[in-house]
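Working through the structure, step by step
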Amino acid sequence: RTVARDGTPHDKGVFVSTMEMNAVGTFNVTRFAAAAMGANEPDEHGQRGVVVNTASIAGIEGQAGQLAYAAAKGAILGMTLPLARDLAALGIRVCAIAPGTMGMPIMLSVGEEMREHLTRNIVFPKRMGRPEEFALLVESIARNPYLNGENIRLDGALRFPPK
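Residues numbered from 1 in each chain as written. Predicted model: local features only at pLDDT ≥ 70, side-chain atom pairs only at ≥ 80, totals over all residues. Heavy atoms only, no water.

Some words on unusual backbone geometry
- The residue after F124, namely P125, is reached through a cis peptide bond having omega -5°.
- Examined against the element boundaries, P125 turns out to sit in the loop between α5 (112-119) and α6 (131-143).
- Despite not being glycine, A157 has its phi angle at roughly 65°, a positive value.
- Note that A157 resides in the segment after β3 (150-154).
- Residue classification places A157 among the partly exposed positions, given a relative accessible area of 36%. (Helix = DSSP H or I, 4+ residues; strand = E, 2+ residues; numbered from the N terminus. Buried < 20%, exposed > 50% of the residue type's maximum accessible area, 1.4 Å probe, protein only.)

Observations regarding the pattern of salt bridges
- Going through the model one piece at a time under the given rule, you end up with 7 salt bridges.
- Linking E112 and R115 is a salt bridge whose minimum nitrogen-to-oxygen distance equals 2.8 Å. In this pair, E112 and R115 are both assigned in helix α5, 3 residues apart and thus about one turn of the helix distant.
- For E112, a relative accessible area of 54% puts it in the exposed group.
- A salt bridge links R159 to D155, with the shortest nitrogen-to-oxygen separation between them at 3.3 Å.
- Of the residues examined, D155 reaches a relative accessible area of 13% and is grouped as buried. (Salt bridge = Lys/Arg side-chain N within 4 Å of Asp/Glu carboxyl O.)

Below, the structure is given as structure tokens:
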């Protein structure tokens, strides 16, 4: 939290390291990947590549206690359209996926009570997302040459409660 219950302010180092790992890391990988893609021969659409970054719905509607993570994921979402505009001259498209609660091994390893808590607000299907569903969305983005500059939620209509 920004200020802990005992009055201690949020640790700036934790905030900076979270931004560094998520937002700066995403930018760093994207710039190198885009430079490499720019050397590709364009396809029939003039496209040389596509970047699909991973954000989170926390970047849209972060919960209390998620300040650093939400800010970092929001930065990734905020990069999508400017990156798409910057890289258009090279024939590179850019989109980001904002997943909700995904059934990754760490999430599936939690107890039943925690899994119920994590899926309570998912509208339908009432379960965690599956890694293959994320992969299908990446494939759809890659296959559709007109999809560019978009942030796409993948969350079963999950909306976080404020607390």
